[in-house]
Amino acid sequence: MKKYTDIALNTAKVLGANYCDIRIILTNHESIVTRNGGIGNLDKTESIGFGVRVIVDGAWGFASSSVLSKESIEATTKKAVEIGKASSMVIRKRVKLADEPVYTDKWTTPYLIDPFTIPIKDKLELLYAADEVMRKDNRIKVATGNMDFIREHQWFANTEGSFIEQVLLRSGAGISATAIGEDVQIRSYPTSFGGQYMTLGYEMVESLRLVDSAERVRDEAIALTTADECPPGKRDVILGTGQLGLQIHESVGHATELDRVLGMEANYAGTSFATTEKLHKFRYGSEIVNLVADSTVPTGLATIGYDDDGVRAQRWHIVKNGILNGYHTNRELAHVIGEERSKGCNRADGYDNIPIIRITNLSLMPGSWELDDLIKDTKDGIFMDTNRSWSIDQKRLNFQFGTEIAWEIKNGKKTRLLRNANYQGITPEFWNSCDAICNENYWQLIGVPNCGKGQPGQRAEMSHGCAPARFRNVTVGVGHKGKSATEV
Amino acid sequence: MYSENQIKDIGERILKLSKADETEVLIFANEQALSRFGENEITQNVAKDEIGLTVRIHHNNRVAKVSGNKSDDESLKKMLDNAMEIASLQKEDPNLLPMPEKQTYSAPVNSYFESTAKFNPKDRALAIRKITEMCAEKGLEAAGIFSNGVGAVCIMNSKGVYGFHRGTTANLSVTAIKGNNAGWAEKMVKDVAEIKAEEVAEVAIKKAIDGQNPIDIEPGKYTVILEPAAVTDFLSFMSYLGLGALPYIEKRSYFSDKAGQRVFSDNVTIVDDAYDKRSQGLPFDFEGMPRKRVTLIENGVFKNVVYDRKTAKIAGTETTGHSLPQPNSYGPMPMNLILKSGDKSVDEMIESTEKGLLITHFHYTNVVNPKEMVITGMTRDGVFLVENGKVTKAVKNMRFTESIPNMFNNIEMIGKETILHSAFFGGGFIVPGLKVNNFTFTSKTEF
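Residues numbered from 1 in each chain as written. Chains lettered and ligands numbered in written order. Predicted model: local features only at pLDDT ≥ 70, side-chain atom pairs only at ≥ 80, totals over all residues. Heavy atoms only, no water.

## Points about the interface of chain B and chain A
For clarity, the cut-off: Any two residues whose heavy atoms approach within 4.5 Å at even a single point are treated as in contact. Accessible area that two parts lose when put together, evaluated with a 1.4 Å probe and summed over both, is termed the buried area. When a carboxyl oxygen of Asp or Glu is within 4 Å of a side-chain nitrogen of Lys or Arg, the pair counts as a salt bridge. What qualifies as a polar contact is a pair of N or O atoms within 3.5 Å, subject to a donor-acceptor requirement within protein and to the restriction that residues adjacent in sequence count only when both atoms come from side chains. Every helix listed is a DSSP run of H or I at least four residues long, and every strand listed is a run of E at least two residues long, numbered separately from the N terminus. For two strands to be treated as a pair, DSSP must find at least two bridges joining them.
Contacts between the two partners involve 77 residues from chain B, matched on the other side by 79 residues from chain A. Taking both partners together, chain B and chain A bury about 6600 Å²; carbon and sulfur atoms supply 50% of that area. Linking chain B to chain A there are nine salt bridges. Taking the shortest distance from any N to any O, the salt bridge between B:R36 and A:E265 comes out at 2.9 Å. For the pair chain B and chain A, the number of links is 46 residue pairs in polar contact (both at pLDDT 80 or more). Sorting elements by how many residues they give to the side of chain B that touches chain A places strand β2 (residues 41-59) of chain B first, with 11 residues. Where strand β3 (residues 59-65) of chain A lies against β2(B), four bridges are found, and the strand directions are parallel. For A:A63, the partnering residue across the bridge sits in β2(B) and is B:A47.

This is the structure in structure tokens:
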């Protein structure tokens, strides 16, 4: 590929660019969805293309093409330079990149079994087996199963001399059952919206034991249709990992992307309350709240060797002992907070998008509680798990999240099942109400394969590690018209 | 940009190379560009030129689908071999519908404008420079996008289906910011010549200035004047939660078992119409069937949902031409919804309001309860208190949690001006503003 990357770098230099990088990406994607014993979708995709990014006259230009040839690379690079020159008509400051060593490297996510070598027949048989178990009860009207395997083979080169080859393999799988009775209720495993995703191979799918979990998924979906509605009020809430991961993502991850903090996402995804003057001062959460960004953690969806700026993966605190301690940064913006080096968070969706700052793997560090002890210690609470709905304001303050399943906790015991549970809060108040986190035995990474940001819209993936945690005096049961607690 | 002949040639080569019983080719070609600005300067500026091929085969009563973006014969042969292998590894599907025969499509509305296709980075930069200067003059920061592009879609199959459609879209979206508060305006069109950048910027700037020093009010039920952009969230979520045949048949839709019943205020009529001159105008669906004009809600009465061939067969009816690419697990979906406009201007809605809120648009709306169609979201970029027929103060943002049927059952007035708003799968909705009573806000935020 070096012959191709050299064409872009040399063309850009000739045309007067001060900086150029090119990413060539070959993507293989296999997507399988089963639905009620048949095929919901089955698609094998192979695509290739490249994106060229330049800095010319102090401004960015970017162009991409799906035709990988000398002529196409030259023409696309020329287009990127023209776009950069147009950008330079409306800039207030010239782009300056933070220094980064030059790398020549090859990096691959580790895995045991290449999922693309497993016959589709075997994958379908596994999903059909889970489907059959879920539909043994005719109250389950929709049973789905899915698997996704994505291999991105990337070649990155820039005019500073780096040439980096990476192979990122991501696998995902899950099942869900929709029961229709008095209400329509969905239950998923291992998490919602497609299940669990990791940078692993087919061994991850095998470890999920989808068929063994299908009966529980089925029975919980059916039970939820006649369960009591989550009563409105103020309650202590224990969030399971299937919800807490999303809470971290929305209320800490996005809030600490430096581009949106600085207003570059103001027209679409929004800005952030966590502004730069708060760095190292603002109490984001209680003292036990430690949130660590880590692009090196094994099996994380954002685990990479290098980001799309060519910056090596790192680990750092976003929140340390409850205090805002850092941001997600890139080479362009690191200097704004006085940092000499990027944290390596610039990632693009495929070859045809420009890299933007994305949340990396961001995790809540474990505490010391056993889950049973935490429940015993809770007098009047609700245990909620598995995300169903999410919404948060454009500064990442007011959020409202719903979960697939919940149980009431009364005097230290998990009691009745609750449906349509949700909770609402203001980000710093909520994280400051965190008074207990379970220990490392309960800690797991939850994959988010579909994080949207940017214009044009870009998808990225990342994981959030956490163990169940308790939050005090939270508003629950928002907007529900069903029975209240006093009517049960 | 790929020409129709180039795209057709790729499709014909695939059909010729295929050994399957039936073969369908769906091709999307796009040339898109977007300049993004923030803090009164261009921050990103991008362009893409690409093609995507999806081949679906039916062979021995089995289905397979493969996709790619390489169009040389060797790559196409590899795709087809993969498809045959995938098909061979499946069990027979006794319910597999044969692909449709050759279809005839009505003449589409004009969707392609050379002015939009030729709009270049310098044209966008000049408009953005004007916007940023206007904002800077008032002490505001501008953020937004100016995009333009051409998209083509082609469907062909081995039984004679051939459909090709090309359209252009341009979008200018401006957020003017001062401190914690912002104003927003947007113009999405097929012909970029209709975009007057200064006019869009003026609306955003006025909202930002008027939006300073917002007051705190308590959540609860309010009369609201929803500008068209705020109404789009309600139509978008209804389109996929309730108006497709699959959730309807499976009784997951709010409208299941409600045919012929009054479900909304009697001033509400909603149709799906690809042939309205304001629409994006794709005259066929993604299995090659002609799109029909469908009345979904008429004077508040629920009439129909949209169908593809598969759901039509289950329901014992005919397809309305609303298939997504097959096979899929979503079912058919309306892509060209039109909420029938009324005769009131936003000013008239304000003048008629004793106490209420004027809402610019919503942020991050999402589903709380899919069957009841309860959704939640935040106001943003301009919320104003209306008292005794006048806008009096700016208000801090609040969260609504409201059911779509409740909203459509409390409509007092419908606006006469409409906007085109992008919808799923390249569709577009035509949406007026609304005056709605008893609209529920459930919490507030700090700005």
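## Structural notes on the UniProt feature "domain: Metalloprotease TldD/E central" (unreviewed entry) in chain B
Test applied: UniProt positions are given in the numbering used here, feature names are shortened, and annotations may be inferred rather than shown by experiment.
Under the present numbering, the feature "domain: Metalloprotease TldD/E central" (unreviewed entry) in UniProt falls on residues 144-209 of chain B. Between the C-alpha atoms that bound residues 144-209 of chain B there is a distance of 17 Å. The span itself is 20% helix and 61% strand.

## Notes on the UniProt feature "domain: Metalloprotease TldD/E N-terminal" (unreviewed entry) in chain A
Under the present numbering, the feature "domain: Metalloprotease TldD/E N-terminal" (unreviewed entry) in UniProt falls on residues 20-83 of chain A. With 22% helix and 66% strand, the stretch residues 20-83 of chain A has end C-alpha atoms that lie 13 Å from each other.

## So, the environment of A:G40
To keep things clear, this is the line we draw: The rule is simple: take the accessible area with a 1.4 Å probe, protein chains only, and divide by the maximum for that residue type; under 20% is buried, over 50% is exposed, in between is partly exposed.
With respect to the helices, strands and loops of the structure, A:G40 is situated in strand β2 (residues 38-56). Using a relative accessible area of 1% as the deciding quantity, one classes A:G40 as buried. Residues A:G40 and A:N146, 106 residues apart in the sequence, show an inter-C-alpha distance of 8.9 Å. In this structure A:G40 touches A:V33, A:T34, A:R35, B:P327, B:N328 and B:S329, once residues within four positions along its chain are discounted.

## Observations concerning the packing of aromatic side chains
The test is simple: Aromatic contacts are taken between Phe, Tyr and Trp rings whose centres are within 6.5 Å, Trp giving its six-membered ring; a plane angle under 30 degrees counts as stacked, one over 60 as edge-to-face, and the others as tilted. Over a ring means this: the NZ of a Lys or the CZ of an Arg is within 6 Å of the ring centre and within 35 degrees of the ring normal.
All told, the structure shown has 33 aromatic pairs over all chains when counted by the stated rule. The interplanar angle of 65° and the centroid separation of 6.2 Å between the aromatic rings of B:F234 and B:F362 together place this pair among those described as edge-to-face. Taken together, the positions of B:F234 in helix α6 (residues 228-241) and B:F362 in strand β12 (residues 355-369) put the pair 128 residues apart, joining distant regions of the chain. Among the residues examined, B:F234 registers a relative accessible area of 0% and is labelled buried. Pairing B:F255 with B:F264 gives two aromatic rings, centres 6.0 Å apart and planes at 75°, and the pair type is edge-to-face. Across this residue pair, the class does not change: B:F255 and B:F264 are buried. Following the ring pairs from residue to residue traces out a cluster consisting of A:F399, A:F401, A:Y423, A:F430, A:W431 and A:F471. Directly above the aromatic system of A:F282 lies the positively charged group of A:K278, at a separation of 5.5 Å from the ring centroid. Over the face of the ring belonging to A:W369 we find A:R470, whose NZ or CZ atom lies 5.6 Å from the ring centre.

## As for a negative patch on the surface
Stated formally: What makes a patch is a set of residues exposed beyond 30% relative accessible area and free of salt bridges, joined within 9 Å when like-charged and within 5 Å when nonpolar (Val, Leu, Ile, Met, Phe, Trp, Tyr). Under the convention used here, a 1.4 Å probe and the Shrake-Rupley method define accessible areas, while residue burial counts only the protein chains that appear. Just so you know, the count uses Lys and Arg for positive and Asp and Glu for negative, and it drops His and the chain ends. Every charge is mapped onto a representative atom, which is NZ of Lys, CZ of Arg, CG of Asp or CD of Glu.
Together, B:D343, B:D347, B:E348, B:E351 and B:E417 make up a region of like negative charge exposed at the surface. If you trace the backbone, B:D347 turns up in helix α9 (residues 346-351).

## Section: the sheet that holds strand β12 (residues 315-320) of chain A
All names here are of chain A. How we decide: Axes here refer to lines fitted to C-alpha atoms; in helices the fit is confined to the stretch in contact. Angles between the N-to-C directions go from 0 to 180 degrees.
On the basis of which strands lie adjacent, the open sheet formed by four strands has the order β13-β12-β11-β16 and antiparallel pairing. Unpaired on one side and paired on the other, β13 (323-324) and β16 (362-364) mark the two borders of the sheet. Pairing of strand β11 (residues 291-294) with β12 involves four bridges; the strand directions are antiparallel. Within the sheet, the bridge partner assigned to V292 lies in β12 and is H317. Where helix α6 (residues 241-253) meets the sheet, its contacts fall on β11, β12 and β16, and the angle it forms with β16 comes to roughly 120°.

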